[in-house]
Amino acid sequence: MRRAWPVAVLLLLAVTGRADAAAEGCLFLESGNTWTLDSDCTVDGSLVVPDGVTLDGAQHTIIAIDPLNGAFRGGIIVSGGASATVVNTVITAVMLTNVCQEGHERLRGIYFNGASGVIRGNTILNVNKGASACQEGNAIEVRNIDLSGRPTTVEIADNVVDGFQKSGVVVSGHVDATIRGNSIGPSAAQRLIVSNGIQAGAGARATIDLNTVAGNSWNAGDAAATAILLVNTAPGTLVRGNVIVGNADVGIYVMADGVRVERNRLTDTGSDGAFDVGIGNYGDGNVFENNSIRGYGQRYQNVTEPEIGNTTVAAR
């Protein structure tokens, strides 16, 4: 049986503990554990997807706006249990108040916290707070601080991301993530904040492959913006077959051990600041092989350049 339910019935705001409706205008068609969005709608708070439910946006748009007499808080779509799936949904934000939030109340497009699942086929545009230097506005964020038991597993695939604030895709903690086939544009706020296209860190194991990622550039010399950033990822993390375009301070920045970086194509265009590095290695036991790097002032940093006819670059 298929029934149209208002989101006030289907999606409780479990993360914030509020019982009010975040999006009274959003209607879903229910079929088993799949809820299909019936039309475009606006939200002024998080849509929480209950455990085991698939939210299928059917290519309709969910628009985040500020509530009356307040500021939008938290992710636009948030997991509410041990597993969730979000597919085929267009997500955007319009004129959100430039007030910096902390913790779970930071702005995200899709936010999985301690949940396994799938994030696939979504379009996430302009999840930002305008001319803001707030450390938030990640288009997709997956994290898990629970170190007991098995890691959460998440597939992030075939999404289109553009105009985010801090990062396009972030995975962090006790997570095993596949980040594949996504198209990630530049940050809308990279003149105000150090931004990254894809960031994996704090113990996450990631396979990052076959993505197209625009670089980001920071106008000061105190930090580097990146296309792909690895910080303390788990050994076995793989960066393979990605295409990096645009202007990046560092194309692929590896501050981790036991990482393999292979068959990526990096092309840098545009003016450069204090940093202009294709691939930087700041860890141990990493392997770099068959990468094509053009346009950067320094092709590699802390990596031995391959000799002619030898496509393998050994880690330091």
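As shown above, the structure is provided for reference.
Note that this is a predicted model, so its numbers are computed, not measured.

Caption draft 1: How the structure looks around the overall build of the protein. Each helix and strand counted, the protein has 1 helix and 33 strands in total. Split into buried and exposed, the 316 residues of the protein put 52% on the buried side. Contacts in the protein between residues far apart in sequence, at least 24 positions, make up 67% of those at least 6 positions apart. A total of about 12,700 Å² of accessible surface is found on the protein, and carbon and sulfur atoms cover 51% of it.

Caption draft 2: Quick look at the sheet that holds strand β17 (residues 167–173). Taken together, 10 strands build an open sheet; the order of strands is β5-β8-β11-β14-β17-β20-β23-β26-β29-β32 and the sheet is parallel. The sheet is open, and its two borders are formed by β5 (47–49) and β32 (298–301), each paired with just one other strand. In this sheet, neighbouring strand axes are inclined to one another by 10 degrees on average, regardless of whether the strands run parallel or antiparallel. For strand β26 (residues 250–255) and strand β29 (residues 277–281), the ladder comprises 4 bridges, and the chain directions are parallel.

Caption draft 3: Molecular detail of the packing of aromatic side chains. Counting across every chain of the model gives 1 aromatic pair. Plain terms: the ring middles of Tyr253 and Tyr282 are 4.6 Å apart, the flat faces sit at 40 degrees to each other, and that makes the pair tilted. Of this pair, Tyr253 sits in strand β26 while Tyr282 sits in the loop between β29 and β30 (287–289), and the two are 29 residues apart along the sequence. Under the relative-accessibility criterion, Tyr253 is labelled buried at 18%. In this structure, Arg108 packs its charged tip against the face of Tyr111, placed 3.9 Å from the ring centre.

Caption draft 4: Spotlight on the nonpolar core. Formed by 64 residues in total, the largest nonpolar core has its most connected members in Ile76, Ile77, Phe112, Ile156, Ile208 and Ile252. If near-sequence neighbours (up to four positions away) are discounted, Ile76 is found in contact with Val43, Gly45, Ser46, Leu47, Ile62, Ala64, Ile91, Thr92, Leu107, Arg108, Gly109 and Val127. If you look at the next biggest cluster of nonpolar residues, it comprises 5 residues, including Leu229, Val250, Tyr253 and Val277.

Caption draft 5: Structural context of the state of the cysteines. The full count for this structure, using the stated rule, is 2 disulfides. Across a sulfur-sulfur distance of 2.0 Å, Cys100 and Cys134 are joined as a disulfide pair. Classification of the bridge connecting Cys100 and Cys134 rests on its S-S torsion, roughly -85 degrees, and on that basis the disulfide is left-handed. Of this pair, Cys100 sits in the loop between β10 (90–93) and β11 (108–113) while Cys134 is found in the loop between β13 (123–125) and β14 (138–144), placing the two residues 34 residues apart along the sequence. Ordering the disulfide-forming cysteines of the protein by sequence position, one finds them joined as 1-2, 3-4.

Caption draft 6: Focus on the sheet that holds strand β4 (residues 41–43). With parallel pairing, the 10 strands of this open sheet are ordered in space as β4-β7-β10-β13-β16-β19-β22-β25-β28-β31. One side of each edge strand has no neighbouring strand; the edge strands of this open sheet are β4 and β31 (292–294). Of the strand pairs in this sheet, strand β25 (residues 243–245) and strand β28 (residues 265–267) are connected by 2 bridges, and their pairing is parallel. What sits directly across from Ile244, in β28, is Leu266.

Caption draft 7: Molecular detail of the layout of surface pockets. In this structure, the largest pocket spans a volume of roughly 340 Å³. Taken together, 21 residues make up the lining of the largest pocket; nearest its centre are Lys166, Ser167, Asn196, Gln199 and Leu229. Those elements that place two or more of their residues in the lining of the largest pocket are β14, β17, β20 (196–201) and β23 (226–231). Examining the composition of the lining of the largest pocket, we find that 4 residues originate from one element, β17, more than from any other. Within the lining of the largest pocket, the residues separate by chemical class into 8 nonpolar, 8 polar and 5 charged.

Caption draft 8: Summary view of unusual backbone geometry. The backbone phi angle of Ala58 is positive, close to 50 degrees, even though this residue is not glycine. Within the secondary structure, Ala58 is located in the loop between β6 (53–56) and β7 (61–64). For Asp158, which is not glycine, the phi torsion reads 60 degrees and is therefore positive. Its place among the elements puts Asp158 in the loop between β15 (152–157) and β16 (160–162).

Caption draft 9: Structural context of the environment of Gly121. Mapped onto the secondary structure, Gly121 falls in the loop between β12 (116–120) and β13. Overall, the relative accessible area of 21% leaves Gly121 in the partly exposed class. Once you skip the residues sitting within four places of it in the chain, Gly121 turns out to touch Gln59, Asn88, Thr89, Ala157, Asp158 and Asn159.

Caption draft 10: Structural detail: the pairing of β23. In terms of burial, β23 is largely enclosed, as 5 of its 6 residues are buried. Pairing of β20 with β23, which is carried by 5 bridges, proceeds in the parallel orientation. Residue Asn196 lies in a different strand from β23, and its bridge partner there is Thr226. The pairing of β23 with β26 spans 5 bridges and is classified as parallel.

About the thresholds
- Residues numbered from 1 in each chain as written.
- Predicted model: local features only at pLDDT ≥ 70, side-chain atom pairs only at ≥ 80, totals over all residues.
- Heavy atoms only, no water.
- Helix = DSSP H or I, 4+ residues; strand = E, 2+ residues; numbered from the N terminus.
- Buried < 20%, exposed > 50% of the residue type's maximum accessible area, 1.4 Å probe, protein only.
- Contact = heavy atoms within 4.5 Å.
- Areas by Shrake-Rupley, 256 points an atom, 1.4 Å probe, with all protein chains shown as cover.
- Pairing = 2+ DSSP bridges.
- Axes fitted to C-alpha atoms, helices over the stretch in contact; angles between N-to-C directions.
- Phe/Tyr/Trp six-rings, centres within 6.5 Å; stacked < 30°, edge-to-face > 60°.
- Lys NZ or Arg CZ within 6 Å of the ring centre and 35° of its normal.
- Core = buried A, V, L, I, M, F, W, Y, C linked by side-chain atoms within 4.5 Å.
- Disulfide = S-S within 2.5 Å.
- 1 Å grid on protein atoms, 1.4 Å probe; cavity = no way out; pocket = protein on both sides within 12 Å on 5 of 7 lines; lining within 4 Å.
- Points joined across faces, edges and corners; volume = space filled by probe spheres on them.
- Nonpolar A, V, L, I, M, F, W, Y, C, P; charged D, E, K, R; others polar.

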